[in-house]
Amino acid sequence: MSDSTAATGFKAGCIQMTAGPELQGNIDQASQLIRQAAGQGADFVLTPENTSFMIPGRRNILANALPEEGHPALEAFSALARELGIWLLLGSLTIDPRTSAEAAAAPPERVANRSFLVTPEGTIAARYDKIHMFDVDIPDGQTYRESRTFRPGGDAVTAELPWGRLGMTVCYDVRFAGLYRQLARAGAAFISVPAAFTRFTGRAHWHVLLRARAIETGCFILAPAQCGTHAEDRQTYGHALIVAPWGEVLADAGEDPGVVVAEIDPARVGEARGMVPSLSYDSVYAGA
Ligand SMILES: O=C(O)CNC(=O)[C@H](CS)NC(=O)CCC(=O)C(=O)O
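Residues numbered from 1 in each chain as written. Predicted model: local features only at pLDDT ≥ 70, side-chain atom pairs only at ≥ 80, totals over all residues. Heavy atoms only, no water.

(A) View of the site of the ligand. Lining the immediate environment of the ligand, one finds 15 residues, of which Asn50, Lys130, Arg175, Thr201 and Arg234 sit closest. Side-chain polar atom of Asn50 to an oxygen atom of the ligand: 2.7 Å apart, as the coordinates give it. Within the side chain of Thr201, one N or O atom sits 2.6 Å away from an oxygen atom of the ligand. Compared with its free state, where it exposes 500 Å², the ligand has 93% of that area covered by protein. For the shell around the ligand, the per-class residue count stands at seven nonpolar, three polar and five charged. (Near = heavy atom within 4 Å. Polar contact = N/O pair within 3.5 Å; in protein donor to acceptor, adjacent residues only side chain to side chain. Areas by Shrake-Rupley, 256 points an atom, 1.4 Å probe, with all protein chains shown as cover. Nonpolar A, V, L, I, M, F, W, Y, C, P; charged D, E, K, R; others polar.)

Have a look at this one:
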């Protein structure tokens, strides 16, 4: 490939926030941090899983979910992306998948944990519904049954950014390496992993999992995060990360709300895959 066609670099910014149960408060908190990242030169800004809500309890979540049409968070963030002239990944919003008319009649049975890619024109370029549901009993005593409230997605999603292809994932998906390999084989150079990781599992697994996904795929990993203490003493791990294809941590947001911004050079994707071509190896196994 000649220099004239080589992809140019950009700055990615990952938001770290402590979402609560109030939609408007969460929109305000995220918007302020998105402005901060754009102020530091970010061309592409990402917000965590559950940007719209961190509310405990199935009934609360279902009662607060809204359809896409006229959604206050989608409207506010689309306007902000347009104003700032940035690409924006909304890590996830809690979405009632039905029409507004259906939604007005009765609460939904289950909702979507949905990521949106928003263009600098404020339009929605891609949607991804979290595939893997966090149905886990954590040894610290917390029990999670995401699938009681959320309807899992069934499709892997990639989308075009001006600098290369983006693969979209959410939080617990990070434990399913096959999805990441599939996204990379589909041409992704960057993979978003917006999260609300528990503090307990995050301490043990977060950095290792994200660095492993980067190394295996030769992709940049962009992982905005929830942090701090939420309603009903729910604690999330923080440490929003940006990881390079060779596995280096380019930025780590630590434990408090804020933003991290890093320069992304897409040429490093080809360099990493050139040094270790494991992604293009087609394994064939017998037995087991
Ligand atoms: O906790 C909340 O209220 C919000 N969290 C979430 O919405 C989601 C689903 S419950 N959290 C995760 O997927 C954590 C995964 C994780 O922590 C791991 O894989 O270890």
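After that view, the rundown keeps rolling.
(B) Layout of a nonpolar patch on the surface. Residues Trp246, Met275 and Val276 make up a contiguous nonpolar surface patch of about 310 Å² in total accessible area. Mapped onto the secondary structure, Trp246 falls in the loop between strand E14 (241-243) and strand E15 (249-252). (Patch = residues over 30% accessible without salt bridge, like charges linked within 9 Å, V, L, I, M, F, W, Y side chains within 5 Å. Salt bridge = Lys/Arg side-chain N within 4 Å of Asp/Glu carboxyl O. Helix = DSSP H or I, 4+ residues; strand = E, 2+ residues; numbered from the N terminus.)

(C) Fine view of the packing of helix H6 (residues 177-185) against helix H7 (residues 199-217). H7 packs onto H6 with a crossing angle of 35° between their chain directions and a minimal axis gap of 9 Å. Viewed along their axes, H6 and H7 form a crossing whose handedness is right-handed. Contacts between H6 and H7 involve Ala177, Tyr180, Arg181 and Ala184 from the former and Arg213, Glu216 and Thr217 from the latter. Its residues placed into classes, the contact of H6 with H7 shows three nonpolar, one polar and three charged. (Axes fitted to C-alpha atoms, helices over the stretch in contact; angles between N-to-C directions. Left-handed = near helix turned anticlockwise from the far one by under 90°. Contact = heavy atoms within 4.5 Å.)

(D) Main features of the UniProt feature "domain: CN hydrolase" (unreviewed entry) in the protein. Mapped onto the present numbering, the UniProt feature "domain: CN hydrolase" (unreviewed entry) falls on residues 10-266. Secondary structure across residues 10-266 comprises 29% helix and 31% strand; the distance between its end C-alpha atoms is 9 Å. (UniProt positions renumbered as here; feature names shortened; annotations may be inferred.)

(E) Expanded view of the sheet that holds strand E10 (residues 188-192). Across the sheet, which stays open at both edges, the six strands sit in the order E8-E9-E10-E11-E14-E15 with mixed pairing between neighbours. The open sheet is flanked by strand E8 (157-161) and E15, the only strands paired with a single partner. Averaged over all pairs of adjacent strands, the angle between their axes in this sheet comes to 20°, without regard to strand direction. Of the pairings in the sheet, the one linking strand E9 (residues 164-168) to E10 comprises four bridges and is parallel in character. Across the sheet, Leu166 pairs through a bridge with Phe190, a residue of E10. Of the strands in this sheet, E8, E9 and E10 touch H6, which is tilted by about 140° from E10. Packing of H7 onto the sheet brings it into contact with E10, strand E11 (220-223), E14 and E15, and relative to E14 it is tilted by some 30°. (Pairing = 2+ DSSP bridges.)

(F) Seen up close, the nonpolar core. Counting 52 residues, the largest nonpolar core has Phe44, Leu117, Phe190, Trp206, Leu210 and Leu222 as its most contacted members. If we ignore the near neighbours within four places in the chain, the residues touching Trp206 are Val193, Ala195, Phe197, Thr201, Ala223, Ala225, Tyr237, Gly238, His239 and Leu241. In this structure, Ile27, Ala30, Val111 and Phe150 belong to the second largest nonpolar core, which totals 35 residues. (Core = buried A, V, L, I, M, F, W, Y, C linked by side-chain atoms within 4.5 Å. Buried < 20%, exposed > 50% of the residue type's maximum accessible area, 1.4 Å probe, protein only.)

(G) Here's a closer look at H7. With 19 residues, H7 should cover 27 Å at 1.5 Å per step; its first-to-last C-alpha distance of 26 Å lies within 8% of that length. His205 marks where H7 bends most, by close to 55°. Those residues of H7 that sit buried are Thr201, Gly202, Trp206, Leu209, Leu210, Arg213, Ala214 and Thr217. Just downstream of H7, Gly218 is the residue with a positive phi angle, here 65°. (Expected span 1.5 Å × (residues − 1). Bend = angle between axes of the 7 residues up to and from the residue.)

(H) Fine view of the pairing of E11. The alternating pattern of E11 places Phe220 and Leu222 on one face and Ile221 and Ala223 on the opposite face, and all of these are buried. By the bridge criterion, three bridges tie E10 to E11 in an arrangement that is parallel. For Ile191, the partnering residue across the bridge sits in E11 and is Ile221. Viewed along the sheet, the connection from E10 through H7 into E11 turns out right-handed. One ladder, built from three bridges, connects E11 with E14; its direction is antiparallel. From the neighbouring strand, Leu222 faces E14, where its bridge partner is Ile242. (Right-handed = clockwise from strand over helix to strand, strands pointing away.)

(I) Structural detail: the packing of aromatic side chains. Counted according to the given criterion, the structure contains seven aromatic pairs. Their ring planes at 40° and their centres at 6.1 Å tell us that Phe190 and Phe220 sit as a pair that is tilted. Here the residue Phe190 occupies a position in strand E10, and Phe220 occupies one in strand E11, the gap between them amounting to 30 residues. When the centroid spacing of 5.0 Å and the interplanar angle of 55° are considered together, the rings of Phe197 and Trp206 count as tilted. Across the pair, exposure class does not vary: Phe197 and Trp206 are buried alike. Here the aromatic cluster, defined as three or more aromatic residues joined through ring pairs, consists of Phe10, Trp163, Phe190 and Phe220. (Phe/Tyr/Trp six-rings, centres within 6.5 Å; stacked < 30°, edge-to-face > 60°.)

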